[in-house]
Amino acid sequence: MHRIRIVLVGPQHPGNIGAAARAMKTMGLTDMRLVAPERYPHVDASTMAVGADDVLAAALVLPVLAEAVADCGLVLGCTARSRYVSVPGYDAAQAAHLLVEQAGRAPVALLFGRERTGLSNEELAQCHGAVHIPAVAEFSSLNLAAAVQVLSYEVRRAVLRRGESEPLRPEPDGEPDEQPGVHDELEQLFVHLEKALHAIDFYKSRPSQVVMQRLRRLFQRARPTRRELRIVHGILADAERMARLARDKV
Ligand code: SAH
């Protein structure tokens, strides 16, 4: 459970931060991160945490999302909107199962968005998948802390189903190079890809964001290992070098 992280992105009401900490603790989750909270620390957060002050006190506050999930092997984003999003979709139970299964390898994260506007498209694009609690379509947006409660409960159920006598361990095939790259490593690949595709003039007149969004999906789905990531970096570096040579010749 300590490898399953709850990340609140830009929470606006401090009371919700406290209530989320309490929701987590009731289900055995303790790792909370706050990305650019609007008002925090705040007395309302402590009031609503009642008894989960330890979770709140240990919560790291970070300026940007990337820092909160840099070491995570799997990142899922919760969204009240069931409309098509650019990443694969899961319901709460499926997401919980996936998180518990993957937490044996590396930390995993579950993101929650702002009360008013949720997660931005750019933030969702940084996730391996989107999680939707299938509420009624006409009124599908839960209170932030209520959404944290539902997901924390599903995580707890997934752990109980696995059997608590069977603690999560790193996979036996734990050679680091053969493990999927973590969030930060994948983001570094996307930076390199975007740059290399510019260098070889791949985009032509197309907007680079559209291509990059599809490539993001491809790599997030494939979950390349560190060794595979190095190969792709190598290919990109060679492509950049060839493009430079070709330009110098002209
Ligand atoms: N008006 C916002 C709703 C924000 S609710 C919007 O349209 O997105 C605050 C956060 O709670 C959301 O960003 C999401 O992370 C979570 N949440 C609320 N309802 C949810 C639902 N039905 N399924 C999954 N997450 C939900």
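Residues numbered from 1 in each chain as written. Predicted model: local features only at pLDDT ≥ 70, side-chain atom pairs only at ≥ 80, totals over all residues. Heavy atoms only, no water.

Student: Looking at this model, I keep getting lost on the packing of aromatic side chains. Mind explaining?
Tutor: Two numbers describe a pair of aromatic rings. These are the distance of the centres and the angle of the planes. Scanning the model with the defined rule gives two aromatic pairs in all. Between F190 and F219, the aromatic rings sit 6.4 Å apart at their centres with planes inclined by 70°, giving edge-to-face as the arrangement. Of this pair, F190 sits in helix 8 (residues 183-199) while F219 is found in helix 9 (residues 208-222), placing the two residues 29 residues apart along the sequence. Of the two residues, F190 and F219, neither departs from the other in class, the shared state being buried. A ring pair is formed by F202 and Y203, whose centres lie 6.3 Å apart and whose planes are at 70°; its orientation type is edge-to-face. Cation over ring: R206 sits above F202, and NZ or CZ is 4.9 Å from the ring centre. (Phe/Tyr/Trp six-rings, centres within 6.5 Å; stacked < 30°, edge-to-face > 60°. Helix = DSSP H or I, 4+ residues; strand = E, 2+ residues; numbered from the N terminus. Buried < 20%, exposed > 50% of the residue type's maximum accessible area, 1.4 Å probe, protein only. Lys NZ or Arg CZ within 6 Å of the ring centre and 35° of its normal.)

Student: Would you mind going over the domain arrangement of the protein with me for this structure?
Tutor: By the assigned domains, the protein splits into domain 1 (4-162) and domain 2 (176-249). Placing a centre on the C-alpha atoms of domain 1 and another on those of domain 2 gives a separation of 29 Å. Taken over both partners, the interface formed by domain 1 and domain 2 buries close to 1200 Å², and the fraction arising from carbon and sulfur atoms is 49%. Ranking the residues of domain 1 by area buried against domain 2 places S86, Q126 and H128 at the top, with a combined share of 35%. Counting across the domain 1 and domain 2 interface gives zero salt bridges. For the pair domain 1 and domain 2, the interface holds nine residue pairs in polar contact (both at pLDDT 80 or more). For the side of domain 1 that touches domain 2, the secondary-structure elements that each account for two or more residues are helix 4 (65-69) and strand 4 (74-78). Looking at the side of domain 1 that touches domain 2 residue by residue, the class counts come to eleven nonpolar, five polar and two charged. (Domains from an automatic or database assignment. Buried area = accessible area lost by both parts, 1.4 Å probe. Salt bridge = Lys/Arg side-chain N within 4 Å of Asp/Glu carboxyl O. Polar contact = N/O pair within 3.5 Å; in protein donor to acceptor, adjacent residues only side chain to side chain. Nonpolar A, V, L, I, M, F, W, Y, C, P; charged D, E, K, R; others polar.)

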